[in-house]
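Observations on the model geometry
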Amino acid sequence: MKRTQRKSCELVLEWIAAVSYPHETKEDYYITRVYKALECSTYIPDQNGICGCGRDRFKHKNPEPAQDILEWDVKTCTERIDTNAYGSIDFLRIEADLLPKYLRFSYDTPVKEVSVLLREKWSLPKPYLIMSIIGGLADLIREDDDKILTTESGARLERIDQMKYISTIQEGLVDAAVSTQAWIFTSGLDNGVSKLVGEACKKKRTFKQTIPTIGIASWGCIRNADKLISVDGKGCFPARYEVTPTTRLRGLKGLDTNHTAFLFPDCGTYRNYHMSKISSFKIDLEKQLRRDIDSNLITIFIEGGLSSLVEAASRIRNKIAIVVMRGTGRAADLIGYARDMYKFYHEDINNKELRDTVLEEFYKTFPSTEDKTLSQKALEAVFKIISNDYLVTVWDRDKSEGIEIDKAVLMGLINSLSDAECVIPNSNDTSYRTTTSPQTSSSSSSSSSSSSSSSSSSDDSSSDDSSVRARPKRKPSSGKNQQYKTYKKEKSTDCDSALIPLL
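Since this is a predicted model, take the numbers as computed values, not measurements.

**Some words on the overall build of the chain**
A count of helical and extended segments in the chain gives 14 helices and 16 strands. The long-range share in the chain, meaning contacts at least 24 apart out of those at least 6 apart in sequence, stands at 75%. Summed over its atoms, the accessible surface of the chain is roughly 25,500 Å², and 49% of this surface lies on carbon and sulfur atoms.

**Quick notes on the sheet that holds strand β8 (residues 183–186)**
Spatial strand order, β10-β3-β4-β11-β9-β8-β5-β12-β13-β14: 10 strands in an open sheet with mixed pairing. Of all strands in the sheet, those with a lone pairing partner are β10 (236–242) and β14 (392–396), marking the two edges. Strand-to-strand twist across the sheet, computed as the mean angle between neighbouring axes with direction ignored, equals 25°. Here 3 bridges tie strand β3 (residues 86–92) to strand β4 (residues 101–106), and the two strands are oriented antiparallel to one another. Considered in β4, the bridge of Tyr-86 is made with Leu-103. Sheet strands touched by helix α5 (residues 192–203): β5 (129–135), β8, β9 (213–216) and β12 (296–302). Its angle to β8, the strand with the most contacts, is close to 155°.

**Notes on the nonpolar core**
If you look at the biggest cluster of nonpolar residues, it comprises 33 residues, and the most contacted ones within it are Phe-301, Leu-309, Val-324, Phe-362 and Ile-385. Where this core is concerned, the elements lending two or more residues are α7 (306–317), β13 (321–326), α8 (330–344), α9 (352–365), α10 (372–387) and β14. With 8 residues, α8 is the single largest residue contributor to this core. Judged by nonpolar contacts, the second largest core, of 28 residues, contains Tyr-86, Leu-103, Trp-183 and Leu-297.

**Examining the side chain of Thr-186**
Structurally, Thr-186 can be placed in strand β8. Those residues in contact with Thr-186 that sit more than four places away from it in its chain are Ile-133, Ser-194, Val-197, Ile-214, Gly-215, Ile-216 and His-259.

**Digging into the confidence of the model for the chain**
Reading predicted coordinates in detail is not appropriate for stretches of low pLDDT. Considering every residue of the chain, the mean pLDDT works out to 76; 69% of them sit at 70 or more. Predicted confidence for residues 17–24 stays below pLDDT 50, and this span has 7 contacts to residues more than four positions away or in other chains. Segment residues 426–503: pLDDT under 50, and 128 contacts once partners within four positions in sequence are set aside and those in other chains are kept.

**Focus on the pattern of salt bridges**
One pass over the full model with this rule turns up 23 salt bridges. Note that Arg-80 and Asp-108 form a salt bridge whose closest N and O atoms lie 2.6 Å from each other. Of this pair, Arg-80 sits in strand β2 (residues 78–82) while Asp-108 sits in the loop between β4 and α3 (111–121), and the two are 28 residues apart along the sequence. The class for Asp-108 is partly exposed, based on a relative accessible area of 39%. Lys-112 serves as the salt-bridge partner of Asp-292, at 3.0 Å between the closest nitrogen and oxygen. Taken together, the positions of Asp-292 in helix α6 (residues 275–293) and Lys-112 in helix α3 put the pair 180 residues apart, joining distant regions of the chain. On the basis of relative accessible area, Lys-112 is assigned to the partly exposed category, the value being 40%. Here the residues in one salt-bridge network are Lys-112, Arg-119, Glu-120 and Asp-292, joined through shared partners.

Rules used throughout
Residues numbered from 1 in each chain as written. Predicted model: local features only at pLDDT ≥ 70, side-chain atom pairs only at ≥ 80, totals over all residues. Heavy atoms only, no water. Helix = DSSP H or I, 4+ residues; strand = E, 2+ residues; numbered from the N terminus. Contact = heavy atoms within 4.5 Å. Areas by Shrake-Rupley, 256 points an atom, 1.4 Å probe, with all protein chains shown as cover. Pairing = 2+ DSSP bridges. Axes fitted to C-alpha atoms, helices over the stretch in contact; angles between N-to-C directions. Core = buried A, V, L, I, M, F, W, Y, C linked by side-chain atoms within 4.5 Å. Buried < 20%, exposed > 50% of the residue type's maximum accessible area, 1.4 Å probe, protein only. pLDDT = per-residue confidence, 0-100. Salt bridge = Lys/Arg side-chain N within 4 Å of Asp/Glu carboxyl O.

If you want it as structure tokens, here you go:
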């Protein structure tokens, strides 16, 4: 009965849309009704005549300076309009085998609506893992063959070794994504790690298999964003977006041509990346997807700077596991070093020698920092990350012999799971297999009794995010295509033995 009523309501809404907006399609009506963009409505100039939103006076509807407002704020100085940037993108002069979809929307749009967009409106295949890539990888991308990369250990890697390392990272991440049917979240920009991941995913793309690679970046940092705006507000199908060398200038960035979809949270500003807002949005979206489709979350940390450390610490607070690619430079190497020191000093985070050692390495890695506030947050983030050791897995190319990146990703996911279950796809069919981490069968009774006693002590940690609580086990259905295997949790450092049930 309820299903019939819901269907009737949908038909009524479609009829209203057809009568009220005869020029719009069903998708147009849904997009403009649910998703809004932000435009600056209050011109508050600085001494150079630039508004707090980053634009000059002629880009405002009302170019007269506001008299009663002294400081620009996104909540009070912007107005909501129907989004005018959505549709698909045609990257000119690029041999594209698909037209990626995109949408501009307000940064405070409920993530539930964005989840519906990805799953239902854009019909992306259901993932078993959501893999978010953070960091930079700028030190590994050099156009000059004479330049070299100096790693944390001081080893000098020649250009050919750099390219091999890049290839190893690309292949490992893609293999992990394919084996877990993952979605990959990046910044979607035409530089750094997002570009490398996009290129790697394109190489694996076939008629039957496409890895959903979703770029999430602030609308205000996109170069030539006006090419994505539809004049009549009906969307662009497709938008003509040309990638040229000018899109890689400092300040604004072009889009990577190999991504399959783009999300552009709009903060109402121009030439501003809004790292904290975009980071919070991504984390909230991933948690919402975990609730909606019962998927697992993992973060891959590659190189990175101060903002990447702050974002990683935020993910740790939300119980999202992190795999650190040590040897890629800067922040990733710093975390690897700090974690070694943390273990050397018997995991005593308050040890003075530990803090002094990490502090010294921190200022070696980031010697000159103009933003002292961000620097202090990043330093605190390092200690937050290493003190939650069970959520952090460090992969080191020089020390992790025999352990491929895809196995390290799965191992990081397993180590992060306590009472929660991990959903792993069966290679023989498309159904779920539920698994907790492997353990001897003799400990099943003791683990069940200990879980009840530890539930009271875990109340504090679960209060921050209710979605990390243990999910109830599914009951096997009678269908032949569904196979279930349950393995118990085991805290093991042996990657291969822990992954045997999963591979």
